[in-house]
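Chain residues, written in single-letter form:
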Amino acid sequence: MPDLNSFSSWTTVQKQAMHSAMVNTFYVGDVAAGDGVTIDTQAINQVLTDAGDGATIIFDTLKTFLSNGPIYPRTGQTLLGIGSTLKRANQAQTTTSTTIASGVTTTFNVASTAGFTVGCGVIVYQGTAGSWTNHTNTLVCTAVGVSSITVDVAPNVSLSGTTQVITGGHQAILVNDDVSIKGLGFDGNKANNDSNLVRWELISEINSIPSTTGVSVEDTVIRDAACEGIFIGGASVVKGNRITNSNGNAIHFSSLQGSDISSNHIDGANLYGADAGHQDGCISSSNLNFNVNITNNYLANSQFAGVGGLGSGPDDQKFIISNNTMVSCAGGGVELSGTAAPLDSSERIKIHGNTFDDCGPMVINSGSTSEYTDGYGNNRHTILNNDFINGSILTIAGSFNIAVKGNLFDLSGNTTDQALVITNSKRITVKANDFIGGLNHIRVQKSGSPSGVVTQVSINNNDFYDSVNDSVYVTSAANVVGEYVKVGNNTFKGGASTLQNSPFIQPDARCYVTGNTFTAKDTAHNRLITAIGVCVITNNTVLGAGTNDIRLLVGAAGCVCSNNQVSTVVDDQTGGGSGIRDNDIIAA
């Protein structure tokens with residue numbers, strides 16, 4: 001029996017003997033060099049073609065296969081890495097002065113053919129570093145002359161004058177239906193593929209968008225992707241992969257249905273910034289995705305979100321985003337964007353049990369600058385039992401039917417951020433959360449006049465501790481926030497002792513404050529409820545240690561303030577007309 005530790009040195013006979021029970025199995029190393037120096041593109045594709053549909057393809061152990069063009073697995077093939085690596089070859093670059101006619105030109109003269117080989121991926125573009133103006137689709141070289149190259153199809157754009165011609169602008173593996181990739185390593189070699197044309201639609205290590213039934217990508221290692229790591233569609237499984245230092249999104253999906261993205265470790269994404277395009281996060285959603293599970297992933301160090309792009313295209317629905325850890329994602333843990341248009345929306349997204357650590361604002365935003373629109377935008381999402389820590393916060397705008405329950409918002413030591421901001425939204429429930437520290441715990445506001453409105457917001461059964469300013473601040477850019485903002489059965493403790501005008505709650509018009517318990521931090525913390533609009537304040541227990549537990553400002557004329565337990569007399573600055581009655585003064 002051959003030595004299992006020296007698989008790469010086995011002879012063909014030894015391999016066949018060891019795997020006699022494995023029918024239809026082929027070895028890339030029987031044809032390709034795998035020495036990290038020789039271009040193996042054509043050899044690998046020949047193995048895949050010869051093996052045919054449904055075959056098992058083994059990339060020999062510990063070898064490095066160098067490729068400068070797309071690899072094309074056949075339908076149903078399984079690619080096994082066993083510790084081997086597919087490496088993107090160093091980029092070659094030249095220029096052409098041939099006028100390229102869209103749909104016509106397939107051969108053009110070039111200044112140099114060095115680094116161009118049959119099978120390599122080719123892109124022609126105009127522009128200079130960081131400011132390209134137009135580019136072709138990925139072409140594949142079919143012939144190399146002394147001073148010319150020929151490609152497989154005519155470009156999809158017309159170009160004239162001196163234009164740039166590069167290799168390396170391709171999908172490393174362009175996957176077909178029902179292909180499985182397991183244990184294969186990918187080296188994107190981005191340090192040597194860093195032209196000014198780094199684009200998501202051109203460059204990825206694994207691309208399954210041609211697949212309609214889906215693929216499986218498991219236990220791969222993808223490092224230094226020149227743009228995106230994995231771009232997938234269909235009913236796919238992406239599980240147990242390690243993806244580091246990607247110039248673009250680490251995982252990008254479109255038209256997924258019934259798919260699983262789980263137990264992946266992603267560290268470093270979107271490192272090229274906005275120039276790569278479609279910049280969303282460690283995991284990026286495009287269009288028409290349904291029933292997608294994103295679970296148990298570690299997502300860190302993205303210039304954008306942990307999971308981003310949801311709602312940016314038609315109908316992202318029924319996602320479960322659970323038990324992930326997202327760290328230092330500048331665009332927030334999860335980004336649900338979109339517009340107030342019928343098709344650009346997200347619906348029934350469950351964000352449960354995640355940890356958001358040192359991330360930017362997590363945004364749920366329909367894209368409407370004025371107000372929510374029933375049936376459009378973000379709706380019917382649940383944000384449940386997550387931990388927002390080390391500056392991670394949540395903003396909700398232009399959305400409706402959103403539940404925020406059982407979360408921890410810990411802004412301890414943070415004096416500038418607001419844990420939760422609700423703008424121009426309807427039917428928002430904030431229940432049984434813990435809020436600690438921060439400038440404000442919750443800010444409810446409208447934006448835009450006169451159409452902006454916030455309505456049917458319920459804030460109940462939460463615990464609020466030690467905000468610098470107002471724990472709950474209900475306000476607007478105009479005179480009216482909306483209606484039916486209810487703050488009930490919450491517990492407020494602590495607070496900023498140095499700010500006399502720093503109430504626990506500052507309710508505006510049509511705000512109902514009922515059944516809450518307020519306990520001041522010390523004698524300097526007073527005016528625990530300061531009403532700035534016509535509202536209802538009833539059945540609260542307000543235990544200040546200074547003066548004016550409840551204050552009604554001039555704008556609160558007509559406010560009802562009754563049946564509260566307070567430690568001092570209600571301070572009425574409205575000039576009369578407010579319904580102040582049946583309040584009990586008790587010892588603090």
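Definitions and cut-offs
- Residues numbered from 1 in each chain as written.
- Predicted model: local features only at pLDDT ≥ 70, side-chain atom pairs only at ≥ 80, totals over all residues.
- Heavy atoms only, no water.
- Helix = DSSP H or I, 4+ residues; strand = E, 2+ residues; numbered from the N terminus.
- Buried < 20%, exposed > 50% of the residue type's maximum accessible area, 1.4 Å probe, protein only.
- Areas by Shrake-Rupley, 256 points an atom, 1.4 Å probe, with all protein chains shown as cover.
- Core = buried A, V, L, I, M, F, W, Y, C linked by side-chain atoms within 4.5 Å.
- Contact = heavy atoms within 4.5 Å.
- 1 Å grid on protein atoms, 1.4 Å probe; cavity = no way out; pocket = protein on both sides within 12 Å on 5 of 7 lines; lining within 4 Å.
- Points joined across faces, edges and corners; volume = space filled by probe spheres on them.
- Nonpolar A, V, L, I, M, F, W, Y, C, P; charged D, E, K, R; others polar.
- Phe/Tyr/Trp six-rings, centres within 6.5 Å; stacked < 30°, edge-to-face > 60°.
- Pairing = 2+ DSSP bridges.
- Disulfide = S-S within 2.5 Å.

1. Side note on the overall build of the protein chain
Counting its regular elements, the protein chain contains two helices and 60 strands. For the protein chain, the proportion of its 588 residues judged to be buried stands at 55%. Looking at the protein chain as shown, the accessible area adds up to about 21100 Å², and 48% of this sits on carbon and sulfur atoms.

2. Focus on the nonpolar core
Formed by 99 residues in total, the largest nonpolar core has its most connected members in Ile321, Leu394, Ile442 and Ile537. At five residues, helix H2 (residues 41-51) tops the list of elements feeding residues into this core. Residue contacts for Ile537: discarding those within four places in its chain leaves Val513, Ile529, Ala531, Ile550, Leu552, Cys559, Val560, Cys561, Ser562 and Asn564.

3. Observations concerning unusual backbone geometry
Despite not being glycine, Asn301 shows a phi value in the positive range, around 60 degrees. Within the fold, Asn301 resides in strand E27 (residues 298-302). For Asn563, which is not glycine, the phi dihedral falls at a positive 60 degrees. Among the structural elements, Asn563 can be located in the loop between strand E56 (560-562) and strand E57 (565-566).

4. Concerning empty space enclosed by the protein
Taking a probe equal in size to a water molecule and rolling it over the atoms shows the remaining empty space. Counted by the stated rule, this structure contains one cavity of 30 Å³ or more. Taken together, Ser67, Gly69, Leu86, Lys87, Arg88, His170, Ala172 and Glu205 make up the lining of the largest cavity. Ranked by the residues each element gives to the lining of the largest cavity, the list is headed by strand E6 (residues 85-88), at three residues. For the lining of the largest cavity, the class distribution of residues is two nonpolar, three polar and three charged.

5. Digging into the packing of aromatic side chains
Summed over all chains, the structure comprises nine aromatic pairs. Taking the centre distance of 6.1 Å and the plane angle of 35 degrees together, the rings of Phe253 and Phe319 count as tilted. Taken together, the residues span a long stretch of sequence, with Phe253 in strand E23 (residues 251-262) and Phe319 in strand E29 (residues 316-322) at a distance of 66 residues. Among the residues examined, Phe253 registers a relative accessible area of 0% and is labelled buried. Between Phe464 and Phe492 the ring centres are 4.6 Å apart and the planes differ by 10 degrees, which places this aromatic pair in the stacked class. Here Phe464 is found in strand E45 (residues 463-465), whereas its partner Phe492 is found in strand E48 (residues 491-494), with 28 residues between them in sequence. Taken together, the ring pairs in this structure connect Phe356, Phe388, Phe409, Phe435, Phe464, Phe492 and Phe518 into an aromatic cluster.

6. Details of the pairing of strand E17 (residues 204-207)
Alignment of strand E14 (residues 171-174) against E17, held across three bridges, turns out to be parallel. Across the sheet, residue Ile173 finds its bridge partner in E17, namely Ile206. Pairing of E17 with strand E20 (residues 228-234) involves three bridges; the strand directions are parallel. Paired with Ile206 across the strands is Ile230, a residue of E20.

7. With respect to the state of the cysteines
In the structure shown here, the tally under the stated rule is zero disulfides. Not engaged in a disulfide, the cysteine Cys535 finds its nearest cysteine sulfur in Cys559; these two sulfurs lie 3.5 Å apart. Its relative accessible area of 3% is what places Cys535 among the buried residues.

8. A few points about the pairing of strand E32 (residues 346-352)
Sheet topology places E29 next to E32; six bridges connect them, and they run parallel. Residue pairing in the sheet places Asp316 in a bridge with Ser346 of E32. Alignment of E32 against strand E35 (residues 378-384), held across five bridges, turns out to be parallel. When the sheet's bridge partners are listed, Lys350 is paired in E35 with Thr382.

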